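Structure at a glance
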Amino acid sequence: MKPVKWGIISTANIGVAKVIPGMLKSKDIDIVAISSRNKKTAQEWAGKLGIPKAYGSYEEMLADPEIEAVYNPLPNHLHVPLTLAAAKAGKHVLCEKPIAITAKEAMQLKKIKNVFVAEAFMVRHATQWLAARDLVKKKKIGDVRAIQVLFSYFNRDPKNVRNKADIGGGGLLDIGCYPITVSRFIFDGEPTRVVGTFDRDPKFGTDRIAGGLADFGQGRHLSFTVSTQLAPYQRVNIMGTKGRIEIEIPFNAPPDQPNRYFVQGMEMNEGEWTSLPVSDQYQLQAEAFGRVIRQKQKPFWGVEDAIQNMKILDAFFRSEKSKKWEKP
């Protein structure tokens, strides 16, 4: 298909370190511009990444008629405002997760017409997750009853956006959205109620540890712990009545080596590791987004799905205050 011409809003690390390098691998993607509030910074990254145009403001880039789609990796509190601005300029928007800070804020995106907006959950395009979901659908591990997620890193930098409560920092919004998304993806359903526990940093006010349960009905549940101040680690176990699937590096899947998952039967720790061909989940995500724009593929998870994810996150935060189960 004709390559989609992209512009990148900001030089955020997630973009320049992971997403853009993945996108640049694709013949279906043409990154024509990158923008920053500091033009010198934009020019430096444009040079490093081989991007033709560098803009010293987001607004200037959004006015570029050559650009068809933009990727928005700004801090959480700027996701909705810049996505709205891009849509107003007629650009399709791939916005980093979480798409907003609250569901109420995310609902502003429902007014967007004539362009495609999606939340950048690359895991839903990753080969290992597609393989896991296919195995679940085929009842390879029987009926799935539980999903367990552990995801953590250590960051106490006061200047880091993840440690600023007033702009949407904290563990649940930053990485707690992943357990919610992948459980909805695997269960192919929605939780009916959730309950959470939180430990907040006394200085930052952000949730440095968040744990939760989500009840998906029919005896199915998600349990997770996420943290911004624990040893770096991530693992997912999908538990069924006839076995389990363990995804080795479920979220930061390496783009330069095979992704692996383990399938166990009914004997403890006896099973088989499967290594998938090398792939880049960020490349796959952007290519899928482009196919929607080119009408080669039906729209997948758009604004309504992103709002639903935010409703679940909101319910966890309400549970922190009520100390009770909450309905999304």
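Details of the structure are given in the entry above.
Please read all numbers here as calculations on a predicted model, not as lab measurements.

**What about the sheet that holds strand S13 (residues 260-264)?**
Read from one edge to the other, the open sheet built from eight strands follows the order S8-S9-S10-S7-S11-S12-S13-S14, with strand pairing classed as mixed. Two strands in the sheet have a free side with no partner beyond their single neighbour: strand S8 (193-200) and strand S14 (271-275). Between one strand axis and the next, the sheet turns through 15° on average, direction left out of account. Relative to strand S11 (residues 229-240), strand S7 (residues 144-154) is paired through nine bridges, and the arrangement is antiparallel. Bridge assignment links isoleucine 147 to a residue of S11, and that residue is isoleucine 238. Along the sheet, helix H6 (residues 127-137) makes contact with S7, S11, strand S12 (243-247) and S13, crossing S12 at roughly 170°. Sitting on the sheet, helix H7 (residues 171-187) is in contact with S7, S8, strand S9 (207-217), strand S10 (220-227) and S11, with an inclination near 155° to S10.

**Notes on the pairing of S9**
As a general feature of sheets, a regular strand has side chains that alternate between the two faces. Pairing analysis gives eight bridges linking S8 to S9, with the strands arranged antiparallel. Bridge assignment links glycine 196 to a residue of S9, and that residue is glycine 212. Following S8, the chain reverses through six residues before pairing antiparallel with S9; glycine 205 in that reversal takes a positive phi of roughly 80°. Bridging between S9 and S10 involves eight bridges; their strand directions are antiparallel. Counted as the bridge partner of glycine 217 is arginine 220 from S10. Counting the residues that bridge the hairpin from S9 to S10 gives two residues, and of these glutamine 218 lies at a positive phi of roughly 55°.

**Quick look at the packing of H6 against H7**
For any two helices packed against each other, the geometry is given by the interaxial angle and the distance between the axes. Look at H6 against H7: their axes get within 9 Å of each other, and the N-to-C directions meet at 40°. One element, H6, and the other, H7, form an angle in the oblique class. Listed contacts from H7 to Trp129, Leu130, Ala132, Arg133 and Val136 of H6 are Val182, Phe185 and Ile186.

**Quick notes on unusual backbone geometry**
Along the chain, lysine 97 connects to proline 98 via a cis peptide bond; the corresponding omega equals -15°. Its place among the elements puts proline 98 in the loop between strand S5 (92-95) and helix H5 (103-106). Of note in the backbone geometry, aspartate 188 takes a positive phi value of approximately 55° without being a glycine. By secondary structure assignment, the location of aspartate 188 is in the loop between H7 and S8. Relative accessible area serves as the criterion here: at 68%, aspartate 188 is assigned to the exposed category. The phi dihedral of glutamine 218 is positive, around 55°, even though this residue is not glycine. Among the structural elements, glutamine 218 can be located in the loop between S9 and S10.

**Digging into the pattern of salt bridges**
Summed over the entire model, instances satisfying the criterion amount to 24 salt bridges. For arginine 162, the salt bridge goes to aspartate 174, with nearest N and O atoms at 3.3 Å. A residue pair is termed long-range when its members are at least 10 positions apart, and arginine 162 in the loop between S7 and H7 and aspartate 174 in helix H7 qualify at 12 residues. Residue classification places arginine 162 among the partly exposed residues on the basis of a relative accessible area of 32%.

About the criteria used
- Within each chain, residues carry numbers counting from 1 in the order of the written sequence.
- The predicted nature of this model means local features are confined to residues of pLDDT at least 70 and side-chain atom pairs, given and counted, to a pLDDT of 80 or more, with totals for whole chains, interfaces and linings taken over all residues.
- The basis for every side-chain value is the complete set of heavy atoms in the structure, and neither hydrogens nor water enter the calculation.
- The pairing criterion is simple: DSSP has to find at least two bridges between the two strands.
- Each helix is a run of DSSP H or I of at least 4 residues and each strand a run of E of at least 2, with the numbering of both proceeding from the N terminus.
- What counts as an axis is a line fitted to C-alpha atoms, over the stretch in contact for a helix, and the angles between N-to-C directions run from 0 to 180 degrees.
- The contact definition used throughout considers only heavy atoms, calling two residues in contact when any of these lie within 4.5 Å.
- Throughout, the term roughly parallel applies to angles under 35 degrees, roughly antiparallel to angles over 145, roughly perpendicular to angles from 65 to 115, and oblique to all others.
- Here's how the labels work: a residue is buried when its accessible area is under 20% of the maximum for its type, exposed when over 50%, partly exposed in between, all with a 1.4 Å probe on protein chains only.
- Salt bridge, as applied in this entry: a Lys or Arg side-chain nitrogen positioned within 4 Å of an Asp or Glu carboxyl oxygen.

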